[in-house]
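Below, each chain spelled out in residue letters.
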Amino acid sequence: MTIFEALRKDHDIQRDLLSRLVETHGDSEEREKLYQKVRAELKYHANAEERSLYIPMMDIDLTQEKARHSVAEHHEIDEMIELLDETDYSATNWLTHAKQLQHLVTHHLDEEEQEVFQLAGRGLKEQQKTSLATQYQSEMKRQRSE
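Scoring rules and cut-offs
- Residues numbered from 1 in each chain as written.
- Predicted model: local features only at pLDDT ≥ 70, side-chain atom pairs only at ≥ 80, totals over all residues.
- Heavy atoms only, no water.
- Phe/Tyr/Trp six-rings, centres within 6.5 Å; stacked < 30°, edge-to-face > 60°.
- Helix = DSSP H or I, 4+ residues; strand = E, 2+ residues; numbered from the N terminus.
- Buried < 20%, exposed > 50% of the residue type's maximum accessible area, 1.4 Å probe, protein only.
- 1 Å grid on protein atoms, 1.4 Å probe; cavity = no way out; pocket = protein on both sides within 12 Å on 5 of 7 lines; lining within 4 Å.
- Points joined across faces, edges and corners; volume = space filled by probe spheres on them.
- Nonpolar A, V, L, I, M, F, W, Y, C, P; charged D, E, K, R; others polar.
- Contact = heavy atoms within 4.5 Å.

(A) Focus on the packing of aromatic side chains. Taken as a whole, this structure holds four aromatic pairs when the rule is applied. Ring centres 5.1 Å apart and planes at 40 degrees place the aromatic pair Phe 4 and Phe 117 in the tilted group. Taken together, the residues span a long stretch of sequence, with Phe 4 in helix H1 (residues 3-21) and Phe 117 in helix H4 (residues 92-123) at a distance of 113 residues. You'll find Phe 4 and Phe 117 in the same group, each marked buried.

Shown next, in the form of structure tokens:
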């Protein structure tokens, strides 16, 4: 498995969770549970992805700018999560913020899959693509078990 295949697998999980989250209503147990799961998955993924893909990409002239852009998008996502954390589940604007989060994350994932992965695929060595996948999966497993 390559780093790109490992990341796509988790991207699908994020898309599914966000899709289910924006279908929830009010201050419900379902909204709470899904939001906490989304929040955790996004945090774990960003941490592991930055270590396993973006740091190596920053060492390559060809991919450095894209890596920096993607890390900046992670910060935008973090800011939206902070806003959601500060908003009551029952507030009328909570769902608006959740949909904004979904839009930010979906844009980020699409951009990664359609642009970043192709560029990184040209910059990274074949062996590196599989070793980075192992590193990413180990980091995700570690974080999910904490």
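This is not the end of the story, as more comes after the structure.
(B) Main features of empty space enclosed by the protein. Applying the stated criterion across every chain yields a total of one cavity of 30 Å³ or more. Empty space within the largest cavity amounts to approximately 80 Å³. Along its surface, the largest cavity is lined by Gln 14, Leu 42, Lys 43, His 45, Ala 46, His 74, Ile 77, Asp 78, Ile 81, Val 105, His 108 and Leu 109. Across the lining of the largest cavity, the residue classes break down as six nonpolar, four polar and two charged.

(C) Examining the environment of Thr 106 more closely. Structurally, Thr 106 is set in helix H4. With relative accessibility at 27%, the residue Thr 106 sits in the partly exposed group. Sequence separation of Thr 106 and His 11 is 95 residues, and the distance between their C-alpha atoms is 8.8 Å.

(D) Structural view of the side chain of Glu 139. For Glu 139, the location among the structural elements is in helix H5 (residues 126-145). A residue is classified by how much of its surface remains accessible, and Glu 139, at 14% relative accessible area, is buried. Dropping the residues within four chain positions of it, Glu 139 is found in contact with Ala 48 and Arg 51.

Note that all results are geometric; they support no functional claim without further evidence.
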